[in-house]
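Fold and contact review
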Amino acid sequence: MQKVDTTFTNAFVLTMDETMTQFSPGAVAVKGDSIAAVGMDEDITREFIADDTIDCGGKVLMPGLINAHTHVPMTLLRGLADDLRLDVWLMGYMMPVEREFVSPEFVRLGTLLACAEQIRSGVTTFNDMYYFEEHVAQAAADAGVRAVCGQTVMKFPAPDAASYEDSLQMAREFIERWKDHPLIVPAVAPHAPYTCTAEILRATAELAREFDVPLHTHLSETAFEVENMRNEQGIPVIPYVKKQGVLEAKVIAAHCVHVDTGEIRTLMHAHAGIAHNPSSNLKLASGFAPVMKMLEAGLNVGIGTDGPASNNDLDMFEEVRLAAFIAKAVTNDPTSLPASQALLMATRLGARALHIGHLTGSVEAGKRADLILVDVSPLHNAPSFKRAADNAYAQIVYASKSTDVTDVMVNGKWLMRDRQLLTLQEDELLAQANEIAKKIDAFLIEREQSVLSKLIALGGSLEQESFEVQGKVKIADPSPILQTLKRREIEIVRKRHYHEHDVYFFFDDPSQGRLRYREDDFIDDVKGIVTNVRARLTLIGIKREGKFEEVLLSRSRYIAPASQSLRFYREYFKPWSEIVIEKDRLRWLINYKNTEFFVNLDQMKEPQLGYYLEVKSRTWSRKDAEYKAQLTNELLNLLSASSGETVTEDYIDIVSEA
Ligand SMILES: [Zn+2]
């Protein structure tokens, strides 16, 4: 008789091993952190004597589930913003709130909540990516859950790092500290190709290789992402990341929704692990990952919940069922992804996708004791058929619920006994979560009251201009203007030609000002081609000082590069109405009486309003502004003398009144 710590007897054991062995009645012996043996009940009880013998009463004993992709601290953001497109959701809500609230304490609390939820639903390993990942790792270790923890690196300032260099350094130190931990596998997580630069991808891949740790990233999640990559780089996402050396690391690629056969082959050759996220892909309408093709190619495809803000739970039972259902629906074939294979994705294949298949994912001697008991006696999954091996998998995948999990052991240590959590205090955690939710609510309520604060919340550079001095004249014929510009007192510094496509957003409260999304297509008149396209966002405040003579004096303007699409801004700012204006613009930067002015000659194309001449100058000092207003007026008179027209209201006012 060998002495062990614990034996599980009288169980229905689904080992999920290479041959999908089942033992009924089966038993498992656990010694220290590992499984000593698994077999028929009579064999195990004959060979092993244990300090603690658990009579499983016919429950299913199986490997704990592997959540192959998540962002666990986002439990605290669950239900914050839903039914939005990925970019609006991420850039408009998640990232601004995260910049404001995410701290080591936030991350710890969110992780502990997630661990409680995951233990209850039979998850014994999760693969995470977030900020302050050190604190995710510590909280998971304290809760006793196994985790691959990826420190986020990206090109934007993050809650835990002002720059990418900072976050890369954090990732390095994090990996060094946690490299040999029994429960935690540290990793580096370049967020996604579209939130990283090529340099970041290369540097993170090198870091992952240096320490032989996983590299966790989001790849080919949306068609939009792939389309942008094709436009910018001329290749799809997988070849692009391969070019940056990413596939030389132990990659865990979340999503891979929009990958073709060649890309699947590339991922296969790189031994990349894939995390399929059915709920997230459905909820964000990202598309349907070619799961059957990836499995047929031999890829290790695991299943993940994704973050609880885009799911909105961490229930792997639901994910496994959805994975099976979706695979059947999209292939129009009910034999696709049978229950046994779906469950395999959430166990052994999932562990391999995380590059920890040697540690966990199946009930086999030598692997860590990451075990769960599932009660299959409740009404919704009774009765139990034993005729075929597949009956057991079908029962777990199609009928069982996460609440049927009664007992959880990770690394040989009990985390839940008879539905009682042993390492976490749910009540305390929930009370703290509700406190944070109140603060986030207040923050968003205040932000949503002002267009400017919503603009600021998007982050990125924002410059304010003020005391704008500008005058505008409607003219019938532009040719005298061109003649006037040749006068000696006017020195031309620079000339440009472009098409401007403006969309003005108006809000029901006019004091919010108006927001202009402008796309400039720069034209090379010699070659007759568009040489550059620039998109900018300008929040134009209401006129504060009216007119000085005939020239505007003061109006606040905030300018930011428009890094998102027009559709993004429309969905984010929810304007009350819109006006589109298209014009062909000739712009001169001139020097007149030692002051620089912009002279714009606009041909209004949409709506067709003819020609406008605009002269503008900017200054910060009011005293200066008066002088420049006089000059602007003088210049306008000079330029428009031949047209006989007078200074007019802004054409946008004319259009909006019409
Ligand atoms: Zn994700």
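Throughout what follows, the structure given in this document is the object of discussion. (Residues numbered from 1 in each chain as written. Predicted model: local features only at pLDDT ≥ 70, side-chain atom pairs only at ≥ 80, totals over all residues. Heavy atoms only, no water.)

Quick notes on the coordination of the zinc ion
- Note on the zinc ion: its protein donors are His69 (NE2), His71 (NE2), His218 (NE2) and Asp306 (OD). The metal-donor distances range over 2.1 to 2.3 Å.
- Considering all four donor atoms around the zinc ion, the spread of angles at the metal, 87 to 173 degrees, places the coordination shape in the irregular class.
- Ordering the donors of the zinc ion by residue number gives the pattern H-x1-H-x146-H-x87-D. Residue His218 is found in strand β10 (residues 214–219), and its partner Asp306 is found in the loop between β13 (300–303) and α12 (316–331); the two are separated by 88 residues along the sequence. Per residue, the accessibility class of His218 equals that of Asp306, and both read buried. (Donors = N, O, S within 2.8 Å, 3.2 Å for Na, K, Ca; no water. Tetrahedral: all angles 85-135°; square planar, octahedral: opposite > 155°, others 65-115°. Helix = DSSP H or I, 4+ residues; strand = E, 2+ residues; numbered from the N terminus. Buried < 20%, exposed > 50% of the residue type's maximum accessible area, 1.4 Å probe, protein only.)

Looking at helix α4 (residues 133–143)
- Glu133, Val136, Ala137, Ala139, Ala140, Ala141 and Ala143 are the residues of α4 that are buried.
- The inward-facing, buried residues of α4 abut α3 (104–120), β7 (123–130), β8 (146–153), α5 (164–178), β9 (184–190) and β16 (413–417).
- Just downstream of α4 lies Gly144, where phi reads positive at about 90 degrees. (Contact = heavy atoms within 4.5 Å.)

Considerations on empty space enclosed by the protein
- Counted by the stated rule, this structure contains six cavities of 30 Å³ or more.
- Approximately 230 Å³ is the volume attributed to the largest cavity.
- Lining the largest cavity are 21 residues, and of these His71, Trp89, Leu90, His191 and His218 sit closest to its centre.
- When residues of the lining of the largest cavity are traced back to their parent elements, those giving at least two are α2 (86–101) and β7.
- Examining the composition of the lining of the largest cavity, we find that six residues originate from one element, α2, more than from any other.
- The residue inventory of the lining of the largest cavity, partitioned by class, reads eleven nonpolar, seven polar and three charged. (1 Å grid on protein atoms, 1.4 Å probe; cavity = no way out; pocket = protein on both sides within 12 Å on 5 of 7 lines; lining within 4 Å. Points joined across faces, edges and corners; volume = space filled by probe spheres on them. Nonpolar A, V, L, I, M, F, W, Y, C, P; charged D, E, K, R; others polar.)

Some details on the packing of aromatic side chains
- Within the structure shown, the criterion is met by 13 aromatic pairs.
- Pairing Phe8 with Trp414 gives two aromatic rings, centres 5.5 Å apart and planes at 55 degrees, and the pair type is tilted. With Phe8 in strand β1 (residues 2–14) and Trp414 in strand β16, this pair connects stretches of sequence that are 406 residues apart. Each member of the pair, Phe8 together with Trp414, is buried.
- Ring centres of Phe174 and Trp178 lie 6.4 Å apart, and the angle between their planes is 45 degrees; on these two criteria the pair is classed as tilted. On the criterion of helical spacing, the pair formed by Phe174 and Trp178 is a turn pair, its members being four residues apart in helix α5. Side by side, Phe174 and Trp178 carry an identical accessibility label, which is buried.
- Its guanidinium or amino end placed over the ring of Tyr93, Arg447 lies 4.8 Å from that ring's centre, counting from NZ or CZ.
- Between Lys454 and the ring centre of Tyr572, over which it is positioned, the NZ or CZ distance is 4.6 Å. (Phe/Tyr/Trp six-rings, centres within 6.5 Å; stacked < 30°, edge-to-face > 60°. Lys NZ or Arg CZ within 6 Å of the ring centre and 35° of its normal.)

Quick word on the side chain of Thr152
- Structurally, Thr152 is set in strand β8.
- Here the side chain of Thr152 touches Tyr130 through a polar contact of 2.9 Å, landing on its backbone oxygen.
- Ignoring any residue separated from it by four or fewer positions in sequence, one finds Thr152 in contact with Met129, Tyr130, Tyr131, Ser167, Ala189 and His191. (Polar contact = N/O pair within 3.5 Å; in protein donor to acceptor, adjacent residues only side chain to side chain.)

Here's the deal with the packing of α2 against helix α16 (residues 426–447)
- Their axes nearest at 11 Å, the elements α2 and α16 cross at an angle of 120 degrees. Relative to α16, the element α2 is oriented oblique. Our pair here, α2 against α16, has a crossing hand that is right-handed. Listed contacts from α16 to Gly92, Tyr93, Pro96, Val97, Glu100 and Phe101 of α2 are Lys439, Ile440, Phe443, Leu444 and Arg447.
- Within the contact of α2 with α16, the residues separate by chemical class into seven nonpolar, one polar and three charged. (Axes fitted to C-alpha atoms, helices over the stretch in contact; angles between N-to-C directions. Parallel < 35°, antiparallel > 145°, perpendicular 65-115°, else oblique. Left-handed = near helix turned anticlockwise from the far one by under 90°.)

So, the nonpolar core
- Grouped together as the largest cluster of nonpolar side chains are 151 residues, with contacts concentrated most on Leu14, Phe106 and Phe573.
- No other element matches the ten residues that α2 contributes to this core.
- Apart from residues no more than four positions distant in its own chain, Phe106 is found in contact with Pro73, Leu76, Leu77, Phe101, Tyr130, Ile436 and Ile440.
- Membership of the second largest hydrophobic core comes to 19 residues, among which are Ile490, Phe597, Val599 and Val615. (Core = buried A, V, L, I, M, F, W, Y, C linked by side-chain atoms within 4.5 Å.)

Some points on the side chain of Asp128
- The residue Asp128 is located in strand β7 in this model.
- Of the side chains with opposite charge, Arg78 comes closest to the buried, unpaired Asp128, at an N-O distance of 12 Å.
- Once you skip the residues sitting within four places of it in the chain, Asp128 turns out to touch Thr70, His71, Val72, Pro73, Glu133, Val136, Val148, Cys149, Gly150 and His216. (Lys, Arg positive; Asp, Glu negative; His and termini not counted. Salt bridge = Lys/Arg side-chain N within 4 Å of Asp/Glu carboxyl O.)

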